[in-house]
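The residues making up each chain are set out below.
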Amino acid sequence: MTQGKRTPSTSKVRRRIRRSKPKPTPPRRARIRRPDPRAVHIRATETTLTGVAGLVGLGVFLRELGVDAELRRTFGRLKPDSRVLYPMPAQMRLLIDAAAAGEARVFGLEALANDPLFVHLAGGVVPSIDTVYRDLGRFDDEALAALDTMLAQHGLAPLAEAPPDIVHLDVDTTVEPLFGSQEGARPGPNPRYRGRPSYHPLLVRIAETNTVIGARLRPGDTSFGNDDVPYVESCLDRVRAAAPEAAVYVRIDAAGDCTHLLRAIAYKGAFFLTKPRLTRDLAGAISLVTRWKTVDWDADGRPRRQVAEVPFRRGEWGALEARVIAVRTLDRTYARHIYLWDDLDYTVQVYLTNEMVEAPEDVAARYDPRAGIEVLIRDLKHGWGCGQVPSHSFAANHAMLLLKLLTLKLLTHNLMRRYVLRRFPELSRWTAPWLRRELILVPGRLLRGPGRERILRVPELSLLGRWLN
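Predicted model only: the values in this text are computed from it and were never measured.

Participant: Teacher, can you tell me more about the packing of aromatic side chains here?
Facilitator: What describes a pair of aromatic rings is the distance from one ring centre to the other and the angle between the planes of the rings. Here the structure, examined in full by the defined rule, presents 7 aromatic pairs. Taken together, a centroid distance of 5.7 Å and an interplanar angle of 85° make the contact between Tyr419 and Phe424 edge-to-face. Like Phe424, Tyr419 is buried. Three or more aromatic residues link up through ring pairs in this structure, and these residues are Phe61, Tyr419 and Phe424. A cation over a ring is seen here: Arg328 above Trp292, with NZ or CZ 4.2 Å from the ring centre. A cation over an aromatic ring shows up here: Arg328 above the ring of Tyr346, its NZ or CZ 4.4 Å from the ring centre.

Following this line, the structure appears as structure tokens:
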């Protein structure tokens with residue numbers, strides 16, 4: 001490195017809010033020397049150290065929200081006997097804590113059983129994984145519906161607290177490859193593992209809060225279509241109940257070019273924004289457009305981005321009010337490149353909407369942030385372990401999806417989002433691994449206080465410690 005040259009910013013690694021960047025020190029003249037780790041003597045004598053001190057802060061917040069009482073009221077019936085050692089609400093809270101701590105599988109409870117704070121919050125003992133799996137098998141259709149409702153309530157709560165003028169509802173699907181003989185797993189559209197049995201879940205996100213308000217576990221060979229319309233309608237009804245005055249936009253990829261779905265969205269008083277199927281007649285109509293509006297120019301003053309409304313309608317649309325908007329660019333670096341002109345280097349993207357007033361370029365700009373749901377899905381899969389299926393029963397998998405992908409993952413994701421927005425709003429743009437590292441995986445020491453009280457000591461400079469102080 002050239003002497004005196006400034007190094008690039010490391011704000012993404014050493015975030016200012018973490019205060020992890022060391023204080024300026026006088027320049028050293030001697031080379032640093034790493035100590036010999038063999039000179040550090042290990043003594044396994046501590047029984048009060050914990051690595052998940054942040055679960056206390058999260059638990060306090062969930063108690064304030066009434067989550068524990070809601071679990072007892074809604075799911076206590078699944079194990080009604082008062083003599084049971086592990087009530088169902090306690091099992092669900094145990095799994096939520098495990099998910100927040102980063103354990104993607106039920107088997108991770110074996111490792112957390114060695115943490116004194118996790119054991120204390122679990123009620124003094126962590127049940128065996130066999131007991132947890134048996135309890136997951138108790139979920140019936142009514143319990144699954146209740147979990148879905150609970151997920152939506154906590155996903156929509158930020159909207160109810162501060163109703164926005166516009167709400168964007170993003171709908172997308174993802175593929176969960178399976179490596180076993182799980183019930184309901186069938187080969188489907190799997191670009192990475194071709195021919196591999198999989199599930200094909202459907203997710204619905206509120207873009208303004210980045211929370212999930214709905215999810216369905218479907219077999220791998222299920223495509224998005226008419227059968228999913230009632231569920232999308234129910235999600236729209238939930239949004240309307242939380243923000244009745246807001247304008248709602250439903251954004252879907254090319255799978256949303258389904259006349260039954262588009263009519264249902266329009267009937268609900270919402271706007272749809274999707275990518276239509278680029279059929280031969282639509283491509284021909286776009287290639288014949290002669291009036292293009294230039295909205296961006298390159299450094300040489302040449303048109304770089306142009307938009308136009310395409311006079312096109314499909315017969316199946318019937319009386320559906322919609323317009324087709326085409327955007328062509330010279331230097332498109334993402335999505336699929338579609339060339340329609342032999343003598344031009346433009347690639348084209350097409351949008352379909354029932355918003356009849358907004359400028360064409362604004363319609364395209366409104367659709368582009370829909371890619372945020374792809375980021376959320378990646379965070380759910382890698383940050384929350386949503387791509388791991390634990391059981392061979394489809395019903396139990398659905399329960400675990402709504403406990404793990406929803407409650408443990410999606411519901412825990414929503415609860416974590418509410419926790420962050422309420423207590424640590426400066427962290428609202430962080431992903432799950434960073435949030436977990438800063439707010440949950442905090443070292444501490446659990447000590448016994450007077451009577452039944454416990455004292456938890458945490459690092460003073462941790463975010464949890466600064467919040468408590």
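Next, the rest of the story.
Participant: How should I be thinking about the layout of surface pockets in this particular structure?
Facilitator: Any space left empty among the atoms is revealed by the rolling of a water-sized probe across them. What the largest pocket holds in volume is close to 820 Å³. Lining the largest pocket are 31 residues; nearest its centre among them are Arg63, Arg93, His120, Leu121 and Ala122. Of all the secondary structure elements, the ones that give two or more residues to the lining of the largest pocket are helix 1 (54–65), helix 2 (67–75), helix 3 (88–100), helix 5 (116–121), strand 15 (454–457) and helix 15 (463–468).

Participant: I keep staring at the environment of Thr329 and nothing clicks. Help me out?
Facilitator: Following the sequence through the fold, Thr329 ends up in strand 12 (residues 323–329). Between the alpha carbons of Thr329 and Pro303 there is a distance of 8.4 Å; along the sequence they are 26 residues apart. Not counting residues up to four positions away in its chain, the partners in contact with Thr329 are Arg304, Arg305, Asp345, Tyr346 and Thr347.

Participant: Would you explain the packing of helix 2 against helix 7 (residues 141–161) in this entry?
Facilitator: A pair of packed helices is captured by two measures, namely the crossing angle of their axes and the spacing between those axes. At a minimum axis distance of 11 Å, the contact between helix 2 and helix 7 shows a crossing angle of 155°. Accordingly, the angle class assigned to the pair helix 2 and helix 7 is roughly antiparallel. Helix-helix and strand crossings are classified by hand; for helix 2 and helix 7 the assignment is right-handed. Residues Val67, Glu70, Leu71, Thr74 and Phe75 of helix 2 pack against Ala143, Ala146, Leu147, Met150, Gln153 and His154 of helix 7.

Participant: Explain the nonpolar core here, please?
Facilitator: Taken as a class, soluble globular proteins show a tendency for nonpolar side chains to be buried jointly. Phe75, Leu109, Phe118, Phe139 and Leu439 are the most contacted members of the largest nonpolar core, which has 56 residues in total. Considering every element that reaches this core, the biggest residue donor is helix 3, with 7 residues. Excluding residues that lie within four positions of it along the chain, Leu439 makes contacts with Gly54, Tyr419, Val420, Phe424, Leu427 and Leu463. Val239, Phe272, Ala285 and Ala308 belong to the second-largest nonpolar core, a separate cluster that totals 46 residues.

Participant: Just to check I follow, could you spell out the packing of helix 2 against helix 3 for this structure?
Facilitator: The interhelical angle for the contact between helix 2 and helix 3, taken along N-to-C directions, is 135°, at an axis separation of 8 Å. Here helix 2 lies oblique to helix 3, going by the angle between them. In terms of crossing hand, the pair formed by helix 2 and helix 3 is right-handed. Note on element contacts: helix 3 touches helix 2 through Met88, Pro89, Met92 and Arg93, opposite Asp68, Leu71, Arg72 and Phe75. Across the contact of helix 2 with helix 3, the residue classes break down as 5 nonpolar, no polar and 3 charged.

Participant: Teacher, can you tell me more about the sheet that holds strand 2 (residues 166–173) here?
Facilitator: Consider a sheet: its strands pair through backbone hydrogen bonds, and that pairing is either parallel or antiparallel. A sheet is described by the order of its strands in space; here 9 strands give the open sequence 7-6-2-8-9-13-12-11-10, paired in mixed fashion. Here the strands that pair on one side only, and so sit at the sheet edges, are strand 7 (211–216) and strand 10 (293–297). Strand-to-strand twist in this sheet, taken as the mean axis angle between neighbours without regard to direction, amounts to 20°. Sheet topology places strand 9 (residues 271–274) next to strand 13 (residues 347–353); 2 bridges connect them, and they run antiparallel. Bridging from a neighbouring strand, Thr274 pairs with Leu352 of strand 13. Across the sheet, helix 10 (residues 280–287) lies against strand 11 (303–310), strand 12 and strand 13, angled at about 110° from strand 13, the strand it touches most.

Quick notes on the rules
Residues numbered from 1 in each chain as written. Predicted model: local features only at pLDDT ≥ 70, side-chain atom pairs only at ≥ 80, totals over all residues. Heavy atoms only, no water. Phe/Tyr/Trp six-rings, centres within 6.5 Å; stacked < 30°, edge-to-face > 60°. Buried < 20%, exposed > 50% of the residue type's maximum accessible area, 1.4 Å probe, protein only. Lys NZ or Arg CZ within 6 Å of the ring centre and 35° of its normal. 1 Å grid on protein atoms, 1.4 Å probe; cavity = no way out; pocket = protein on both sides within 12 Å on 5 of 7 lines; lining within 4 Å. Points joined across faces, edges and corners; volume = space filled by probe spheres on them. Helix = DSSP H or I, 4+ residues; strand = E, 2+ residues; numbered from the N terminus. Contact = heavy atoms within 4.5 Å. Axes fitted to C-alpha atoms, helices over the stretch in contact; angles between N-to-C directions. Parallel < 35°, antiparallel > 145°, perpendicular 65-115°, else oblique. Left-handed = near helix turned anticlockwise from the far one by under 90°. Core = buried A, V, L, I, M, F, W, Y, C linked by side-chain atoms within 4.5 Å. Nonpolar A, V, L, I, M, F, W, Y, C, P; charged D, E, K, R; others polar. Pairing = 2+ DSSP bridges.

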